[in-house]
Amino acid sequence: MGFDIVVHNGLIITVNSDFDIIENGVVCIRNGTIHRIETRAHDTPLPEAKEIINANGGIIMPGLVNTHTHLPMTLFRGLADDLPLAQWLDEFIFPCEAKHLTPETVRLGTLVACAEMMLSGTTTCCDGYFFEDDVASAVYKSGIRGVLGQGVIDFPAPGVPDPSDNIKNAVRFVEKWQDVSPLITPSIFCHSPYTCCEETLKKAKAAADLKALLFQIHGAETKSEYVRIQTEQHTTPVKYLDSIGILDENTLIVHGIWLEDDDIEIIAKRRSKVSHNPQSNMKLASGIAPVPSLLTAGVTVGLGTDGCASNNDLDLFREMDTAAKLHKVNLFDPTVMDAKTVLKMATRDGAKAIGLDKHIGSLEPGKQADVIILDTDTPHLVPMYNSVSHIVYTAQGSDVRDVMVAGRILVRNKNLLTLDLEDILERVTRLSGYIKKKLKVSKVI
């Protein structure tokens, strides 16, 4: 019996438990699943398949997993940079969200985000925002894989003017999308422990637990949050969340910067996961997450970009490079956060952080065929002595040539197949002109 797709003539970085690297490798795919991975002798015929993809000596690897995004915020990319966090939020981001977020604009911003991610090798994202039903519709249309969380917050929000409806709205979102597609996994996203009261946090977590879903929350992100929780709750953000039953193996703590040693012990004990967003953390001057200490404690840490308003891109290759270098210079130790560790964070550990590691994150028989191919025939990737080091420190999202999710080809020869990119970009450009005019932000653009 033949295969649907056979990918050959490339260096396979499996990111499996043994971190096997296979020269002149062959990946055989049937019904969206990887069936065989092996080395091919030069005189051995290729397995029979409907489609043969020649990697042309490039790198064949798992698609990248972005563990934290706010996809529609592509609409606010570069809107107001180099400002204090409070001013950035109060004068620009919050007004923009209030005035310009509609189901239509959310879908449009999400389509731009999906296009950017696919073209730069990300095949799975974990999102949390408002109008998440419209986010999900756009993600579904694109063909990318998503864990998508409807936002919950204790004040009027886009799409949910009455805060008392937030959890009901999140549950409706979950029930609508739970069985639509194996590529869409619904989730519930509480904004933070200072924008959601104890009752809201408990109810939202209970709703997620009832469906065995991922519960996402910004936590220990800023010094001001840390001080506020200390003042109001007389403890740290992590200890507070733990005291009310929020932390367990299905909880994803986003950022996790302001952590004490015993906070890390609690996270490890509860088997909660952490999404590390180094570029956003740096740009907003939030601080440096103690990721090496989290990893030493056995905590699963994935990489995320955050939204485009605070990054300002969704390129996980850049995020890997930043993550590795940031912690080296912070600890004055060039050996921490080595390339293999960081690549795992962007693939296998990222998948584990959002509950999908049984299905994606590595190239292994039985897993979904979420595969990307890097074109290495370019000056900045030659010579290549260490392929893993090259992926983390040298490769760029623009080096991605082909992308598939569950065996469906989304990008071929750097061309997007599932979306009309020209139309999307034209519509976003028109919308951004309208936003600029309304907010009179030309001085910062």
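Residues numbered from 1 in each chain as written. Predicted model: local features only at pLDDT ≥ 70, side-chain atom pairs only at ≥ 80, totals over all residues. Heavy atoms only, no water.

### A word on the environment of G58
- Mapped onto the secondary structure, G58 falls in the loop between strand 4 (49–54) and strand 5 (59–62).
- Between the C-alpha atoms of G58 and N9, which are 49 residues apart in sequence, the distance is 7.6 Å. (Helix = DSSP H or I, 4+ residues; strand = E, 2+ residues; numbered from the N terminus.)

### Digging into helix 12 (residues 339–346)
- If you check which residues of helix 12 are buried, you get A339, V342, L343, M345 and A346. Take helix 12 and look down its axis: the buried residues cluster within an arc of 155°, on one side only.
- Its side-chain oxygen placed 3.2 Å from the backbone nitrogen of K340, D338 serves as the N-cap of helix 12. (Buried < 20%, exposed > 50% of the residue type's maximum accessible area, 1.4 Å probe, protein only. Arc of directions from axis to C-beta. Polar contact = N/O pair within 3.5 Å; in protein donor to acceptor, adjacent residues only side chain to side chain.)

### Details of the pairing of strand 9 (residues 184–190)
- Summarising burial for strand 9: six of the seven residues are buried, a large majority.
- Relative to strand 9, strand 8 (residues 145–152) is paired through seven bridges, and the arrangement is parallel. Bridge pairing in strand 9 places G149 opposite S187.
- Of the crossover connections in this fold, the one passing from strand 8 over helix 4 (residues 166–177) to the parallel strand 9 is right-handed. (Pairing = 2+ DSSP bridges. Right-handed = clockwise from strand over helix to strand, strands pointing away.)

### A word on helix 11 (residues 316–331)
- Between its first and last C-alpha atoms helix 11 spans 23 Å; for 16 residues at 1.5 Å apiece the expected length is 22 Å, and the two agree.
- Three or more residues of helix 11 are buried, namely L316, F317, E319, M320, D321, T322, A323, A324, L326, H327 and K328.
- One side-chain oxygen at the N-terminal end of helix 11 lies 2.9 Å from the backbone nitrogen of F317; it belongs to D315.
- Of the residues one or two after helix 11, F332 is the one with positive phi, at around 55°. (Expected span 1.5 Å × (residues − 1).)

### Quick word on the pattern of salt bridges
- Scanning the entire structure with this criterion turns up 24 salt bridges.
- The closest approach of N and O atoms between E260 and K239, which form a salt bridge, is 3.3 Å. On the criterion of sequence distance, the pair formed by E260 in the loop between strand 11 (251–255) and helix 8 (261–270) and K239 in helix 7 (residues 237–243) is long-range, its members being 21 residues apart.
- Assessed through its relative accessible area of 29%, E260 is described here as partly exposed. (Salt bridge = Lys/Arg side-chain N within 4 Å of Asp/Glu carboxyl O.)

### Topic: the sheet that holds strand 7 (residues 122–129)
- Pairing in this open sheet of eight strands is parallel, and the strands run 6-7-8-9-10-11-12-13 from one edge to the other. Two strands lie at the open edges of the sheet, namely strand 6 (64–69) and strand 13 (301–303), each paired on one side alone. For this sheet, the mean angle separating the axes of adjacent strands, direction not counted, is 25°.
- Sheet topology places strand 6 next to strand 7; four bridges connect them, and they run parallel. In the sheet register, N66 faces strand 7, and the bridge partner there is C125.
- The sheet contacts of helix 5 (residues 198–210) involve strand 8, strand 9, strand 10 (215–219) and strand 11, and relative to strand 9 the element is tilted by about 165°. (Axes fitted to C-alpha atoms, helices over the stretch in contact; angles between N-to-C directions. Contact = heavy atoms within 4.5 Å.)

### With respect to the packing of aromatic side chains
- Enumeration over the complete set of coordinates arrives at three aromatic pairs.
- Ring centres 5.8 Å apart and planes at 50° place the aromatic pair Y129 and F130 in the tilted group.
- A relative accessible area of 3% places Y129 in the buried class.
- Residue F130 is classed as buried on the basis of its relative accessible area of 11%. (Phe/Tyr/Trp six-rings, centres within 6.5 Å; stacked < 30°, edge-to-face > 60°.)

### Structural notes on the state of the cysteines
- Considering all chains together, one arrives at zero disulfides under this definition.
- For the unlinked cysteine C197, the closest cysteine sulfur is that of C196, found at 7.4 Å. (Disulfide = S-S within 2.5 Å.)

### What about unusual backbone geometry?
- Residues N311 and N312 are joined by a peptide bond in cis, for which omega reads 25°.
- Its location among the elements puts N312 in the loop between strand 13 and helix 11.
- Cis geometry marks the peptide bond from V382 to P383, where omega comes out at -5°.
- Position of P383 among the secondary structure elements: in the loop between strand 14 (371–374) and helix 14 (387–393).
- Backbone geometry places A212, a non-glycine residue, at a positive phi of 55°.
- As for its position among the elements, A212 is in the loop between helix 5 and strand 10.
- You can call A212 exposed: its relative accessible area is 61%.

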